[in-house]
Amino acid sequence: MDSKVTYSIVVPVYNEEEVIAETYARLKRVMDTTGEPYELLFVNDGSRDRTAQILSEICQKDSHVKLINFSRNFGHQIAITAGMDNALGQAVVVIDADLQDPPEVIWQMIEKWREGYQVVYATRKQRKGETLFKKWTAAMFYRLLRSLTDVDIPVDTGDFRLIDRQVCNVMKKIKEKNRFVRGLVSWVGFRQTAVEYVREERLAGESKYPLRKMIKLSLDGITTFSHKPLELATWLGVLFSSVSFVYLLLAVLGRFFTPYTLPSWTFIVAVSVFFNGIILTVLGIIGEYIGRIYDEAKDRPLYIIGSKVGFNREGEAHEQQ
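Residues numbered from 1 in each chain as written. Predicted model: local features only at pLDDT ≥ 70, side-chain atom pairs only at ≥ 80, totals over all residues. Heavy atoms only, no water.

J.: Help me understand the overall build of the chain, please; the structure alone is not making it clear to me.
T.: Helices and strands together make up the secondary structure of the chain, namely 10 helices and 8 strands. Buried positions account for 46% of the 321 residues belonging to the chain. Taking as baseline every contact in the chain between residues at least 6 positions apart, the subset at least 24 positions apart corresponds to 81%. Accessible surface, the chain: about 16900 Å² in total, of which carbon and sulfur atoms supply 59%. (Helix = DSSP H or I, 4+ residues; strand = E, 2+ residues; numbered from the N terminus. Buried < 20%, exposed > 50% of the residue type's maximum accessible area, 1.4 Å probe, protein only. Contact = heavy atoms within 4.5 Å. Areas by Shrake-Rupley, 256 points an atom, 1.4 Å probe, with all protein chains shown as cover.)

J.: What is the right way to look at the confidence of the model for the chain in this model?
T.: Detailed reading of the predicted coordinates is not advisable wherever pLDDT is low. Looking at the chain as a whole, the pLDDT averages 77, with 64% of positions reaching at least 70. The lowest-confidence element of the chain is helix α8 (residues 211-225), averaging 61 in pLDDT; the highest-confidence one is strand β2 (residues 38-44), averaging 94. (pLDDT = per-residue confidence, 0-100.)

J.: Where do I start with unusual backbone geometry in this structure?
T.: Backbone geometry follows two general trends: most residues other than glycine have a negative phi, and most peptide bonds adopt the trans configuration. Its identity is not glycine, yet L99 carries a phi of approximately 70 degrees, on the positive side. Tracing the chain through its elements places L99 in the loop between β4 (91-94) and α4 (105-114). With relative accessibility at 4%, the residue L99 sits in the buried group. Here the phi dihedral of F190 falls at roughly 70 degrees; this positive angle occurs in a residue that is not glycine.

J.: What is the right way to read α4 from this model?
T.: Residues of α4 that are buried include every one of V105, I106, M109, I110 and W113, and no others. With its buried residues spanning 145 degrees around the axis, α4 presents them on a single face. Positive phi appears at G116, one or two residues downstream of α4, with a value of about 115 degrees. (Arc of directions from axis to C-beta.)

J.: So what exactly am I meant to see when it comes to the packing of aromatic side chains here?
T.: Between two aromatic rings, the relevant description is the distance of the centres plus the angle of the planes. Tallying each qualifying case throughout the model produces 4 aromatic pairs. Considering the side-chain rings of Y7 and W113, the 5.8 Å spacing of their centres and the 70 degrees angle between planes classify their relative orientation as edge-to-face. Pair noted here: Y7 is in strand β1 (residues 7-13) and W113 is in helix α4, with a separation of 106 residues, a long-range link. Residue classification places Y7 among the buried positions, given a relative accessible area of 1%. Measuring from centroid to centroid gives 5.4 Å for F70 and Y303, while their planes differ by 20 degrees, and the two rings are stacked. In this pair, F70 is assigned in strand β3 (residues 65-70) and Y303 in the loop between α10 (264-298) and β8 (305-309), connecting sequence segments 233 residues apart. (Phe/Tyr/Trp six-rings, centres within 6.5 Å; stacked < 30°, edge-to-face > 60°.)

J.: Please clarify how the nonpolar core should be interpreted in this entry.
T.: Most often, soluble globular proteins have nonpolar side chains that are buried together. Of all hydrophobic cores here, the largest spans 35 residues; its most connected members are I9, L40, F42, I106, M109 and F160. With residues near it in sequence (within four places) discarded, L40 still touches I9, Y24, L27, K28, M31, H64, V65 and K66. (Core = buried A, V, L, I, M, F, W, Y, C linked by side-chain atoms within 4.5 Å.)

J.: Would you explain the pattern of salt bridges in this entry?
T.: Opposite charge on two side chains lets them pair, provided their charged atoms get close. All told, the structure shown has 5 salt bridges when counted by the stated rule. Notably, a salt bridge pairs R26 with E104, separated by 2.8 Å at the nearest N-O pair. Pair noted here: R26 is in helix α1 (residues 20-32) and E104 is in the loop between β4 and α4, with a separation of 78 residues, a long-range link. For E104, a relative accessible area of 27% corresponds to the partly exposed category. In this structure, K28 engages D32 in a salt bridge whose closest nitrogen and oxygen atoms are separated by 3.5 Å. (Salt bridge = Lys/Arg side-chain N within 4 Å of Asp/Glu carboxyl O.)

J.: So what exactly am I meant to see when it comes to a nonpolar patch on the surface here?
T.: Nonpolar side chains collect at one region of the surface, where I279, L280, L283, I286 and I290 lie side by side and expose about 480 Å² of accessible area between them. Within the secondary structure, L283 is located in helix α10. (Patch = residues over 30% accessible without salt bridge, like charges linked within 9 Å, V, L, I, M, F, W, Y side chains within 5 Å.)

J.: Looking at this model, I keep getting lost on the pairing of β2. Mind explaining?
T.: Along a regular strand, successive side chains alternate from one face of the sheet to the other. Counting buried residues in β2 gives 7 out of 7 residues, a clear majority hidden from the surface. Judged from the 7 bridges that link them, β1 and β2 form a sheet pairing that is parallel. Across the sheet, the residue bridging to I9 is L40, located in β2. For the handedness criterion, the β-α-β arrangement of β1, α1 and β2 is classed as right-handed. (Pairing = 2+ DSSP bridges. Right-handed = clockwise from strand over helix to strand, strands pointing away.)

J.: Whenever I open this one, the pairing of strand β6 (residues 157-164) confuses me. Can you help?
T.: The element β6 is extensively covered by neighbouring structure, given that 8 of its 8 residues are classed as buried. With 4 bridges joining them, β4 and β6 adopt antiparallel strand pairing. What sits directly across from V92, in β6, is I163.

J.: Hey, could you run me through helix α3 (residues 76-86) in this one?
T.: Quick reminder: α-helices carry 3.6 residues per turn. Residues three or four places apart thus point the same way. The element α3 is largely enclosed, with a buried count of 11 among its 11 residues. Within α3, the full set of buried residues consists of H76, Q77, I78, A79, I80, T81, A82, G83, M84, D85 and N86.

So, in structure tokens, the structure goes:
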């Protein structure tokens, strides 16, 4: 490992041609003020616009900048993982490219790291430019996840954080396929603390986390860190079996001791539809876990690198692989 690098800034990018130049400029401005060696490590997650071209040009002009190009889109959490795998710094900062997380907060993280904290995560005290629906669902998800797991995963935090080299080395050993990085960082432990900040609106472009991806990330977080949904399936079975027994008993008693009875077909259809819905729900929960077991069993690599730019420099030489 190159001990000369103090800070590695890992930036996953996907179709960010509208903001990437400004992102680079602000990150460089912040890191230059530290007066210590650093690298800006961009991970291009299969962008289809000019993001890779712009970053390649920046690499040729600035020896602090490195670029990893994936062979295709592998996902945000995998891009973060690749950045951690290739980072050389004694402290590694993960930040998105859309500038919603202000690079200037990195100064506060570095101060906490200097105090001896090995993980410094950024907690959002305000989220600008987001819909009430997104704010509400995000708040519900973090609190639900915290209630379902024994791991202390901080609420209202994303992947914007600083981790120490020791933590990064541990993270590199974790090869889970369906990754929830912020949860994994909490799971590995070490001395952790928070800094608060205001999350800004996107400078330009569209969110790379639409509802579909948010649901996928939520499922990854819950199934990776909790088996309580499986316990819920068991208790649902016990509960509704008890309810059905009591209902059947009441129906029999009503048939013989009262003049009021439901037509037999109504009872059969209602019970059938109800319990079929419960069965399908339980099967869906089990299926989520089985699907993740299947992904682990295939043991495919987490990502495939198509090329690297700015690695193993000699003078101004760039390695492409």
